[in-house]
Amino acid sequence: MTLIRKASALLVGSMILAACGQQQAQAPANASGSTAAATGDTLGLAISTQNNPFFVSLKQGAESEAEKLGLKLVVVDAADDSGKQAAGVDDLLQQKVKVLLINPTDSEAAAASVNRAAKAGIPVISIDRSVQGAKVAAHVASDNVAGGRMAAEFIVKQLAGGGEMVELEGIPGSSAARERGQGFHEVMDAQQAVKIVAKQPADFDRTKGLTVMENILQSHPNVKAVFAHNDEMALGAVRALQAANKKDVIVVGFDATDDAQAAVKAGTMAATIAQKPVKIGELGVDTAYKIINGEKVEENIPVELELITQ
């Protein structure tokens, strides 16, 4: 009897294990999550810098969305160095990431990295800044040209009586600097009341924005407005203007970082063009997720802009 009971118990146990195994094998087919979420696929994010609040927010948006979708996100920071970015991308390719997201330091230099990814069979999504000279699967960004026009239209309206102004440019070679400048000049070059007396790169950096603005003020003390290609340079210009006791100069930035919005509220900046860096990061990861799962994606995925004033 004991032997019979033991044999029966073993048989029942085997049947239960087999049933459990069958249920587990069927689970992925019935689960709401996709294959990507189940396997924890890895994405790579090559970001231009983390020394700028805008790109910190972009990275946080990407990380949050990756976690939500069950994806692993590996981030490499170029610190605004195109050579370092190329090395970081190579490292991500060695890790065989499923999709590469790239926020180029230099739009033309990034083409070589994108082509190496393509050769390795890894799709690439450019975010915020475009890649020149290589094809990507998708580009997620605000319309920088439209934002430049928006800033120019605001300044022209504020300076209805005309006057001198300054343009602080971003990193030479970056698509953001080129496109924001393009939109800005589409409006400015078509009118004659407001005159751009100086334009100079300050590399999207607050300290450089301060230094460049200080130097410009020595030659052009009567400026009435400043357009900076990003908020960091705009905030640097504000410090230079405050030090020179020039309180009524209109300063317009781009990105709507927390510091810039606080400056607009305080009245030290007149306006900033609001991108949505968190949303850009989220959409970049969402687009990568779709590619992993074999879905078709749009080549250009726009993120809306907004003019922020008091």
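Residues numbered from 1 in each chain as written. Predicted model: local features only at pLDDT ≥ 70, side-chain atom pairs only at ≥ 80, totals over all residues. Heavy atoms only, no water.

Q: It is not clear to me how the pairing of strand E11 (residues 300–303) should be interpreted in this structure. Could you clarify?
A: As a general feature of sheets, a regular strand has side chains that alternate between the two faces. Side-chain alternation along E11 places Ile 301 and Val 303 on a buried face and Asn 300 and Pro 302 on a face that remains uncovered. Here 4 bridges tie strand E5 (residues 138–142) to E11, and the two strands are oriented parallel to one another. In the sheet register, Ala 141 faces E11, and the bridge partner there is Pro 302. (Buried < 20%, exposed > 50% of the residue type's maximum accessible area, 1.4 Å probe, protein only. Helix = DSSP H or I, 4+ residues; strand = E, 2+ residues; numbered from the N terminus. Pairing = 2+ DSSP bridges.)

Q: Would you take a moment to explain the packing of helix H6 (residues 144–158) against helix H7 (residues 175–188) for this structure?
A: Geometrically, a packed helix pair is captured by the angle between its two axes and the distance between the axes. Where H6 meets H7, the axes come as close as 7 Å, and the angle between the chain directions of the two elements is 40°. One element, H6, and the other, H7, form an angle in the oblique class. The handedness of the crossing between H6 and H7 is right-handed. In contact with Asn 144, Val 145, Gly 148, Arg 149, Ala 152, Glu 153, Ile 155 and Val 156 of H6, H7 contributes Ala 176, Glu 179, Arg 180, Gln 182, Gly 183, Phe 184, Glu 186, Val 187 and Met 188. Here the contact of H6 with H7 is composed, by residue class, of 8 nonpolar, 4 polar and 5 charged. (Axes fitted to C-alpha atoms, helices over the stretch in contact; angles between N-to-C directions. Parallel < 35°, antiparallel > 145°, perpendicular 65-115°, else oblique. Left-handed = near helix turned anticlockwise from the far one by under 90°. Contact = heavy atoms within 4.5 Å. Nonpolar A, V, L, I, M, F, W, Y, C, P; charged D, E, K, R; others polar.)

Q: What am I meant to see in unusual backbone geometry here?
A: Most peptide bonds adopt trans geometry, and most residues besides glycine take a negative phi value. One non-glycine residue with positive phi stands out, namely Lys 96, at about 55°. Position of Lys 96 relative to the elements: it lies in the loop between helix H4 (82–94) and strand E3 (99–102). Phi at Asp 255 takes a positive value of approximately 130°, unusual for a residue other than glycine. Within the fold, Asp 255 resides in strand E9 (residues 250–255). Residue classification places Asp 255 among the buried positions, given a relative accessible area of 4%.

Q: What's the story with the pattern of salt bridges in this structure? I'm lost.
A: Opposite charge on two side chains permits them to pair, given that their charged atoms come into close proximity. By the definition in use, this model includes 10 salt bridges. Residue Lys 135 is joined to Glu 299 by a salt bridge in which the shortest nitrogen-to-oxygen separation is 3.6 Å. One end of the pair, Lys 135, is in the loop between strand E4 (124–127) and E5; the other, Glu 299, is in the loop between helix H11 (277–292) and E11, with 164 residues separating them in the sequence. With a relative accessible area of 66%, Lys 135 lands in the exposed category. Arg 206 serves as the salt-bridge partner of Glu 232, at 3.0 Å between the closest nitrogen and oxygen. Taken together, the residues Glu 232 in helix H9 (residues 231–243) and Arg 206 in helix H8 (residues 206–219) connect sequence positions 26 residues apart. Relative accessible area serves as the criterion here: at 24%, Arg 206 is assigned to the partly exposed category. (Salt bridge = Lys/Arg side-chain N within 4 Å of Asp/Glu carboxyl O.)

Q: Would you explain H6 in this entry?
A: A turn of α-helix holds 3.6 residues, and therefore any two residues three or four places apart point the same way. Spanning 15 residues, H6 covers 21 Å between terminal C-alpha atoms, matching the ideal 21 Å at 1.5 Å per step. The N-cap of H6, judged by a side-chain oxygen 3.2 Å from the amide nitrogen of Val 145 a few residues on, is Asp 143. (Expected span 1.5 Å × (residues − 1). Polar contact = N/O pair within 3.5 Å; in protein donor to acceptor, adjacent residues only side chain to side chain.)

Q: In this structure, what is going on with the packing of aromatic side chains? I would like to understand it.
A: How two aromatic rings sit relative to each other is given by the distance of their centres and the angle of their planes. On inspection of all chains with the given rule, the structure shows 2 aromatic pairs. Ring geometry for Phe 54 against Phe 55: centres 5.1 Å apart, planes inclined by 90°, an arrangement best described as edge-to-face. With a relative accessible area of 4%, Phe 55 lands in the buried category. Taking the centre distance of 4.6 Å and the plane angle of 25° together, the rings of Phe 184 and Phe 227 count as stacked. Highlighted residues: Phe 184 in helix H7 and Phe 227 in strand E8 (residues 223–228), separated in sequence by 43 residues. Overall, Phe 184 belongs to the buried group, its relative accessible area being 0%. Judged by its relative accessible area of 0%, Phe 227 falls in the buried class. Above the face of the Phe 254 ring, Arg 180 is positioned so that its terminal group lies 3.9 Å from the ring centre. (Phe/Tyr/Trp six-rings, centres within 6.5 Å; stacked < 30°, edge-to-face > 60°. Lys NZ or Arg CZ within 6 Å of the ring centre and 35° of its normal.)

Q: Help me understand the side chain of Asn 144 in this model?
A: Here Asn 144 is to be found in helix H6. In this structure Asn 144 comes out as buried when scored by relative accessible area, which is 1%. Filtering out sequence-adjacent residues up to four positions away, Asn 144 remains in contact with Asp 128, Ala 176, Glu 179, Arg 180, Phe 254 and Gln 275.

Q: What's the story with the sheet that holds strand E6 (residues 163–169) in this structure? I'm lost.
A: Pairing between the strands of a sheet comes from backbone hydrogen bonds, and it takes one of two forms, parallel or antiparallel. Across the sheet, which stays open at both edges, the 6 strands sit in the order E7-E6-E8-E9-E10-E12 with mixed pairing between neighbours. On the outer flanks of this sheet lie strand E7 (194–201) and strand E12 (306–309), each paired with one strand and no other. In this sheet, adjacent strand axes meet at a mean angle of 20° when their direction is disregarded. Where E9 and strand E10 (residues 271–274) come together, 4 bridges link them in parallel fashion. Residue pairing in the sheet places Asp 255 in a bridge with Ala 274 of E10.

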